Amino acid sequence: MPKSNSLSNLFRAGFKTTNTSTASAGYRTLESFFTNLESKTHSKPPPKPKTSSGSKKKPKAKPQPPPSPAVNSSLPALKLEESNFEESVENPTMQDIAKIINDGVKFNTPDSEEAEDEELVKKALEIPWLSRLKNNNIGMLRKDISRERKQKWVFTYSQVNHINRIVNTCADKLGTDNAMEVFGKLGRETGLKEFNALMKKHIEQCRETDDESVAMKHISAALQLFKSMKEQGFLIGEETYGPFLILLIDKGLVEEFYFSTDFIKDTNPSKNARLGYYDMLLYIGINDEEKIQELCNYICIDDGDNNISLRENYLLALCESDQKNYLLQLLETMDITKFSSLNHLASIFKSLGRLSLESFAKKFLLVLKSGDYGAEDISTLIFSYATSIPNLAVEDVVSKFKTVHTILKMSPSSTSYEKLIVYSCNLLKVHLALDIVDQMCKEGLSVSINTIHSILNATEESLNFNLVRRIYSLIYQLHLTPNNETFRSMISLSVKMKDFEGAYGLLDDLKKLNLAPTASMYNAIMGGYFREKNIRGALMVLKQMQLADVKPDSSSYSYLISNCNNEEEIIKYYEEMKVAGIQISKQIFMALINAYATCGQFEKAKQVLLDKDFPIKNLNEIRSVLVSALASHGQMTDALSVYEEMKQAGSNLEPKAVISLIEHVDSEGQQSRLLKLLEELDDPNYWVDGCFRVILYCICNKDLRSAVYLLKQLKHRFSDDELAMEVLFDEVFSQVAETEPADVQIGMDLLQAIKDELGASPSRKCLDFLLTACVNAKDLGNSLLIWKEYQAAGLPYNVTSYLRMYQALLASGGHVSAKVMLNKIPKDDPHVRIVIQECQRTYIGRTSLKGEKKRKKGKGVSGKIG
């Protein structure tokens, strides 16, 4: 049995021995936890106008199910034997484990951090953590040992992710309830970052479970964290309590909410006003209209600057929840100039936009302009309003942004303009973003290089590669100083539009700015040449790097290895990379697998996983690449074997590998396997791609039932997007048209099922593809049936449908009907005449259009063939 499993069983045994009571005992424990933590009563909302006692109604608390018997708060504190504690800390293995927490400072890269984290945690899990647990208090010892270390630990922002990874690893392997005790055993006092990470873990697990008793267990544990933070002297900030209070609101746990807010106020009194925001969200969440109205009345009271921050937070909650009816009461009377925060004002204007309250937006903007607010702040508020209006195209958002500025007789600030550019880029409206930059140039406003980077990223994502020249021109026009990232992005865009000369030109321009080229710039060019199968060009890039004294990196060798044609070249580059001292990344292992598979060395591709330097933390990802490589090279049996091994090990296949398996299954009778593979795709985009491929497989194998079942699922996913469904239907029927040998009947049956079971009408393209299938099958009967479907679907005949029907009639021997059809085809377009002539040459052996031209002057087109 693996040691991690033994450890988890051991913890479970510990829970059972310390808490053998029933579920009701667990509930008593939670109740006792509430009373013992602090003897405080539930707080009422902060000062409000007095109302009659009869009008008040306490919100009802949601019935609380008894928590799981394994609730952490019901357990005695885990304690270590004092005499053995120092010995355990000095133990070499314990020192290794402690490095998980204490050595975060020395790591340089995320990859190396994760690698060492994993190795150390692996060692940690081999220790019998409960072997020395006794009922002796270790709190004082832990503090004595950690006090000296704490003085010299300096944590930076970059280490937060490191802490989160360690906490998540400990929580996953040992359970969140025991993570802090583990930190204590390692000789480290739990800090604010660890508390926040553990709180986040409890909240995530509480949201993920459908078991209410398990959810209460995590809530109880989170409350215990609050207690521990207070005992260690930490202020409980919004980063910690905010997500937890939102969780309680979402679950309707009113009593727990009141208890938590009382505890936070006692620990951090400065947060009283901010907690009003969550009070209002609670009443909105439980739909307590009486309390909401009571707080709205309080907002309207003008008592000078007293409690203005509290009233502001009440209003902010109403705005962010889009409570239109209550907001309309307040907007008539509130003084917008008294708001202390620009961010709060922005939230209000966003709400005005979402609720389409334009008159109030203009009114408040005019008030702010006449007061002490600067033009830049007002311009930012206009941006917040305009970009929040629903169902507005990006072009219309920009128009509204400009119109409101015009009404106020002011020009947009450069800051708000840049926000508008980023907004446009996020929606891939690159041309519009560039137009805004042009407008800024005309108005003499400056643009930052970071904004240009946003445009470059959107240009790549939207496939508008040719805009790189215009962007480069703008950089010089605006007198901006591009950096290495700017050039790397522009080189990549140039390569993707196959402008290798332009890419090299950008490298030459680096010299003018005294910038040194980087490996990533050359890698972009090398990758482009490899994509074009231009091996010579790619190897020339390697020589250019040597001339420029730029050392190839891991990505460079990944490209080179991936594109090797034989085993000797693979070994050559791999050894060369090792001699150069380049770290062997996961991309290298993926490249080795793909290269060996391309060379037909499938066993060596599998052996890559056995390399002594193999990164265990990337095992699942690299195994998935192996599955894809085997499947794409016809080794489906081996690919499925690796896949089954991963399943048995509890690993999930990467989405791309799942798609590869689905794509390359070519034997009959695999519908059941494909449907199971489809279930593994959680990402919506990958699922749609995989579902479409399985449908095509079903069509090719004449499995109408499975195809219709999957089409129903697609229809459910795209219930509000008729255009998307139409495109998918068109693609499915295009497969019917391309199927060899031609089988029109499966298409006809599918058409009927779409009409009867999905309630959908066929598109013009669907019917056009079916007619093409009739041409290939020379099926006259179904051609005539499909022709009637155009009218049934309300689709008027056009030139394309006439031509396809004419072709189908000729192919199936219906020459008389074909003559009639020929008369109905407009022949003004020369392309149409070419198609007709090709049809006649193919199915008759000669054409009749020349004769028709001679008779056209007197009688028009006769339709007579031969």
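Residues numbered from 1 in each chain as written. Predicted model: local features only at pLDDT ≥ 70, side-chain atom pairs only at ≥ 80, totals over all residues. Heavy atoms only, no water.

1. Some points on the UniProt feature "repeat: PPR" (unreviewed entry) in the protein
The feature "repeat: PPR" (unreviewed entry), as given by UniProt, occupies residues 483-517 and 518-552 in the numbering adopted here. Secondary structure within residues 483-517 divides into 74% helix and 0% strand; the distance between the first and last C-alpha atoms comes to 10 Å. Between the end C-alpha atoms of residues 518-552 there is a gap of 9 Å, over a span that is 74% helix and 0% strand. (UniProt positions renumbered as here; feature names shortened; annotations may be inferred. Helix = DSSP H or I, 4+ residues; strand = E, 2+ residues; numbered from the N terminus.)

2. Here's the deal with the nonpolar core
Within soluble globular proteins, side chains that are nonpolar generally end up buried alongside one another. Among the nonpolar cores identified, the biggest contains 232 residues, and F244, L318, L352, I455, I525 and L661 are the most heavily contacted of them. Per-element tally for this core: the top contributor is helix α37 (residues 684-700), with ten residues. Those residues within four positions of L661 in sequence are excluded, and the remaining contacts are V627, A631, M636, A639, L640, Y643, L653 and L677. (Core = buried A, V, L, I, M, F, W, Y, C linked by side-chain atoms within 4.5 Å. Buried < 20%, exposed > 50% of the residue type's maximum accessible area, 1.4 Å probe, protein only. Contact = heavy atoms within 4.5 Å.)

3. Digging into the side chain of N618
Within the secondary structure layout, N618 lies in the loop between α32 (602-607) and α33 (619-632). Reaching out from N618, the side chain makes a polar contact with the side chain of K617 at a distance of 3.2 Å. (Polar contact = N/O pair within 3.5 Å; in protein donor to acceptor, adjacent residues only side chain to side chain.)

4. Overview of the packing of aromatic side chains
A complete count under the given rule lists 18 aromatic pairs for this structure. Between the aromatic rings of Y241 and Y278, the centroid separation amounts to 5.8 Å while the plane-to-plane angle is 75 degrees, which identifies the pairing as edge-to-face. Of this pair, Y241 sits in helix α11 (residues 238-250) while Y278 sits in helix α13 (residues 272-285), placing them 37 residues apart in sequence. Neither residue differs from the other here; Y241 and Y278 are each classed as buried. Every member of this aromatic cluster is reached through a ring pair, and the members are W787, Y790, Y797 and Y802. A cation sits over an aromatic face here: R274 above Y277, 4.1 Å from the ring centre. Over the ring of W687 we find R717; its NZ or CZ atom is 3.8 Å from the centre of that ring. (Phe/Tyr/Trp six-rings, centres within 6.5 Å; stacked < 30°, edge-to-face > 60°. Lys NZ or Arg CZ within 6 Å of the ring centre and 35° of its normal.)

5. A closer look at the packing of helix α25 (residues 484-496) against helix α27 (residues 519-531)
Angle between the axes and distance between the axes are the two parameters that describe a pair of packed helices. It is the contact of α25 with α27, at a shortest axis distance of 9 Å, that shows an interaxial angle of 10 degrees. Our classification of the angle between α25 and α27 gives roughly parallel. In this structure, α25 contributes N484, F487, R488, I491, S492, V495 and K496 to the contact, and α27 contributes S520, M521, A524, I525, G528 and R531. (Axes fitted to C-alpha atoms, helices over the stretch in contact; angles between N-to-C directions. Parallel < 35°, antiparallel > 145°, perpendicular 65-115°, else oblique.)

6. What to know about the packing of helix α22 (residues 430-442) against helix α24 (residues 468-477)
Remark: α22 packs on α24, axes separated minimally by 12 Å, with the N-to-C direction vectors making an angle of 20 degrees. When the axes of α22 and α24 are compared, the pair comes out roughly parallel. In this structure, α22 crosses over α24, and the sense of that crossing is left-handed. Counting all contacts with α22, which are made through H431, L434, D435, V437, D438 and C441, the residues of α24 involved are R470, I471, L474 and Q477. Residue classes in the contact of α22 with α24 are distributed as five nonpolar, two polar and three charged. (Left-handed = near helix turned anticlockwise from the far one by under 90°. Nonpolar A, V, L, I, M, F, W, Y, C, P; charged D, E, K, R; others polar.)

7. Some remarks on the confidence of the model for the protein
This prediction gives the protein a mean pLDDT of 77; 75% of its residues lie at or above 70. A low-confidence stretch, residues 1-164 stays under pLDDT 50, and its non-local contacts, those more than four residues away or across chains, total 234 contacts. Across residues 184-188 the pLDDT falls below 50, and counting only partners more than four positions away or on other chains, this stretch makes 27 contacts in the model. (pLDDT = per-residue confidence, 0-100.)

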